Structure formats: structure tokens, C-alpha cells
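Okay, here's what each chain looks like letter by letter:
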Amino acid sequence: MKPHRLKLAHHLVLAYQLYPKMDCYRCHPASADEMTAFHSDEYVNFLSKISPDNLRQYSGVLQKFNAGDTTDCPVFDGIYEFTQLYTGASLDGAIQLNQQQADICINWSGGLHHAKKSEASGFCYINDIVLAILELLKVHARVLYVDIDVHHGDGVEEAFYTTDRVMTFSLHKYGDFFPGTGHLHDIGAREGVGYSVNAPLQAGVTDESYLQELFIPVMDKIMETFQPGAIVLQCGADSLTGDRLGCFNLTTRGHGAAVRHVQSYNVPTLVLGGGGYTIRNVARCWAYETSVLLGEKIENQIPYNDYYEYYAPDYELHLTPDPSMDDANESLGEIRTELLQQLSDLQGAPSVQMQQVPPPFRTTDDEDSSSTKQMTKQQHSSELFDNVD
């Protein structure tokens, strides 16, 4: 989850000349007020003050917030600034969609789906997804969250487990695997019964079985039944073949086909990153999916860039399945049948009483002209390849 993988992805997007085909924005750092729309004040305050230099002062609460060297959420220099940046980008993407200034917004640094209200989890500190969905709910009656990370999107599901305004759909490895949640029968509670959709998978799932037997038929039924006004798509790349922590056998083409299928519904969509621990493959995946969302065809041969040697020995964009990996998924048909029945049992798309729409935290018409206008397109320091660090 180190930011270095984002640099690789960024350089690959630049090398493929995809950057000029997008409107690119320098987003704002999220404020504590924005973060506490979901997270507790105490937890956000803790993140804003903690650093490797003062760990001993906070030794009494590290366990409470699941942070520190003995957890999967270490404390590092600039931790709060890091969370501010990726969270602010997701919020600004949601605002762009709400204001109909874009149909698709991409933030590959976001998608940290494990963070809970008052604790970090699974390398995730602030749950930018939940905050972005809350922003989208200011305008849209229903929001669909789709998670194709190898890990269950537990933090997002938990946040919206009792509401029918957000449907969560997660396809993930289930069993002796982090975070251990996402059973087929975890379907929500109270008003949210039926609106948590979980597809628990086993190791070795391939493109064809993933897409044709589960993803496409279930997604089509979700869109028919739930009729969301906006979609948030988490594109964790640890579901790719060859990931250091993952155990699926998906290729970049298969992963990208899921993204393309979501895009085909023509619903405003916020596209986020997520997990991914073989960083050269993360960059391959997100650069390719950028091209998919743009409708641009790019060459399989990776163009030269500052990180070209990372892609040795073949220097190719697309991955091939591991022929030595067996597909342990023998009951995909049963899972599909159960999920389709769960969706059929819903009584149509839930309605919401109309109310005055609350203002976004930040808008494009920010009256403060003394600072750089939010969401105004600027030339990035790396927009020209010769200037890449």
C-alpha cells in the first residue's frame, strides 16, 4: 500500500499519453470536519497528532485505534497528510459527479475500504469510500458500491449495513483470509436487509468464471432492482494473478472487463483504487483501466518510462493466468442463484422523501479567491513527460 505504487501507475498513464485525454485536477486536502462526517472526533484527532517520534506518548491508545508496529496499520511520517490527500480526492470526485461536471471520476489513491469509524484496519486509516458515498447521498437517492478487491469491503459494508439507500456488492476471497467477513448470508440488517450483497470466493478464480458466472449476471440484476443514481467502484488490484497477498487468477483484461461492464450502465461513477501488493501489476492494472474508461486502445508493449525496468522480463502490459493455479471455486452457480434470489426478494428500488440538498463541503464556486480555486484544471508538474521526477 506504499504510495510508490501510485507513482508507477502515474508514470505509466503519462507514458501511454492518457493524461492529456482527461480533465485533471489538483484536489484539496480533506479537513478534520470532513473526515468526522463518518469517523469519530477522537480517532481523527489521534491521526492528526500521531507520528513515529511521539509513539510512546500514545502507547495507551494505540491498541484502541489499531495502530502501531504490532498491527497492520503502522504509524509513519506524514500519515495524516497522506489520509487528507487521498480522502480529499475522493470527496472532490463525488462533488464533481453531484454537480454534473463529470460522468466518471478516477482517484487511484483512494479505495481504502477497511477503515472503521474509530479504528484503522488493513493498511486503511480513513475510509474515503464511506465519506464519498455520504457526499453522493446528498444528491442521489441510492448509491451502489462495487468492490472487486480480493479482500471483503468490510468497512464500507459495516457503515451502511442498516440502510437501504446504499447497496454494497463485494466479490472476495472468503475463509481463512483477512478480514474474515463477507459470508453469503451477511445481507444487511433492519432497513438494510437484502442490500448487502456478498460473493464469497475461493482461490484460483479465473476471468471467465468471475465475469460470466457471477459478476455480470449479478450486476445486471442489481441495476434492474436497485436503480442507483451513482456508483462507487473499488478496483483493488490484489485480485490479479501473481499478487503477493492475493490468491485469485484474474488477468488485467478480466479485471478491466469488470470496469468496462460497470461503465456500460452510463451511471455517474467514482472509480477508486484499493489493494495491490505486486506494485508493477498494480500500475499495469490501473493504467489499463484508465484507458478502458477513456475508451482508448493502448499497446501491450509498455512504452519507456522512468520505471521501465520494473516490467521486466517481458515489458508487457497484460498478465497471463498462472497455469499452475487450480480454480477451487466449485459452487459459483449456487452462489449466483442465491444472490439473484436475494435481489429478487427486494421490493423494487427504495424511495427517499425529497428534502433540501445540503451544500457540499467545497464547491467549484469557492468565494475565496485568495487561494487556488478548488477543482480548477491546472497543468500538473508531471504533465509533460520531460518534467517527470
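Residues numbered from 1 in each chain as written. Predicted model: local features only at pLDDT ≥ 70, side-chain atom pairs only at ≥ 80, totals over all residues. Heavy atoms only, no water.

Strand β5 (residues 230–234) sits mainly inside the fold: 5 of its 5 residues count as buried. Burial along β5 is two-sided: the face carrying Ala230, Val232 and Gln234 and the face carrying Ile231 and Leu233 are both buried. Here 5 bridges tie strand β2 (residues 143–147) to β5, and the two strands are oriented parallel to one another. Its bridge partner being in β5, tyrosine 145 is matched across the sheet by valine 232. On the question of chirality, the crossover connecting β5 to the parallel strand β6 (residues 269–272) by way of helix α8 (residues 252–263) is right-handed. (Buried < 20%, exposed > 50% of the residue type's maximum accessible area, 1.4 Å probe, protein only. Helix = DSSP H or I, 4+ residues; strand = E, 2+ residues; numbered from the N terminus. Pairing = 2+ DSSP bridges. Right-handed = clockwise from strand over helix to strand, strands pointing away.)

So, on to the nonpolar core. Membership of the largest hydrophobic core comes to 69 residues, with the highest contact counts inside it found for Phe169, Tyr210 and Phe215. Counting residues per element, this core draws most heavily on helix α7 (residues 207–226), which supplies 9 residues. When residues no more than four places from it in sequence are discounted, the contact partners of phenylalanine 169 are Tyr145, Val146, Asp147, Val197, Ala199, Phe215, Val218, Met219 and Ile222. Ranked by size, the runner-up nonpolar core spans 46 residues in total, among them Ala67, Ile133, Val166 and Leu272. (Core = buried A, V, L, I, M, F, W, Y, C linked by side-chain atoms within 4.5 Å. Contact = heavy atoms within 4.5 Å.)

All right, on to unusual backbone geometry then. Looking along the chain, the bond that leaves phenylalanine 178 and enters proline 179 is cis, with omega of 0°. Among the structural elements, proline 179 can be located in the loop between β3 (166–173) and β4 (196–201). Positive phi outside glycine occurs at asparagine 66, with the angle close to 55°. If you trace the backbone, asparagine 66 turns up in the loop between α3 (41–49) and α4 (79–98). Within the chain, glutamine 100 stands out as a residue other than glycine whose phi angle is a positive 55°. Following the sequence through the fold, glutamine 100 ends up in the loop between α4 and β1 (104–107). Of the residues examined, glutamine 100 reaches a relative accessible area of 72% and is grouped as exposed.

To continue, consider the packing of α7 against helix α10 (residues 332–344). Orientation of α7 relative to α10, taken along the N-to-C sense of each, is 5°, at an axis distance of 10 Å. Judged by the inter-axis angle, α7 sits roughly parallel to α10. Across the interface between the two elements, Ser209, Glu213, Leu214, Pro217, Val218, Lys221, Ile222 and Thr225 from α7 touch Leu332, Gly333, Ile335, Arg336, Leu339, Leu340, Leu343 and Ser344 from α10. Looking at the contact of α7 with α10 residue by residue, the class counts come to 9 nonpolar, 4 polar and 3 charged. (Axes fitted to C-alpha atoms, helices over the stretch in contact; angles between N-to-C directions. Parallel < 35°, antiparallel > 145°, perpendicular 65-115°, else oblique. Nonpolar A, V, L, I, M, F, W, Y, C, P; charged D, E, K, R; others polar.)

A complete count under the given rule lists 14 aromatic pairs for this structure. Ring centres of phenylalanine 46 and tyrosine 58 lie 5.9 Å apart, and the angle between their planes is 75°; this geometry places the pair in the edge-to-face category. On the criterion of sequence distance, the pair formed by phenylalanine 46 in helix α3 and tyrosine 58 in the loop between α3 and α4 is long-range, its members being 12 residues apart. Phenylalanine 46 sits in the buried class, given a relative accessible area of 3%. Ring centres 5.9 Å apart and planes at 50° place the aromatic pair phenylalanine 123 and tyrosine 277 in the tilted group. (Phe/Tyr/Trp six-rings, centres within 6.5 Å; stacked < 30°, edge-to-face > 60°.)

Before going further, it helps to examine the packing of α8 against helix α9 (residues 279–294). For any two helices packed against each other, one specifies the inter-axial angle together with the distance between the axes. Relative orientation of the contacting elements α8 and α9 amounts to 35°, with a least axis distance of 9 Å. Taken as a pair, α8 and α9 cross one another with a handedness that is right-handed. Contacts between α8 and α9 involve Thr252, Arg253, His255, Gly256, Val259, Arg260 and Gln263 from the first element and Arg284, Cys285, Tyr288, Glu289, Val292 and Leu293 from the second. The residue inventory of the contact of α8 with α9, partitioned by class, reads 5 nonpolar, 4 polar and 4 charged. (Left-handed = near helix turned anticlockwise from the far one by under 90°.)

Moving on to the environment of leucine 18. With respect to the element layout, leucine 18 can be found in the loop between α1 (4–15) and α2 (32–35). Distance in space between the C-alpha atoms of leucine 18 and threonine 290 is 7.6 Å, their sequence separation being 272 residues. If sequence neighbours within four positions are ignored, leucine 18 has contacts with Val13, Ala287, Thr290, Ser291, Leu294, Glu296 and Ile298.

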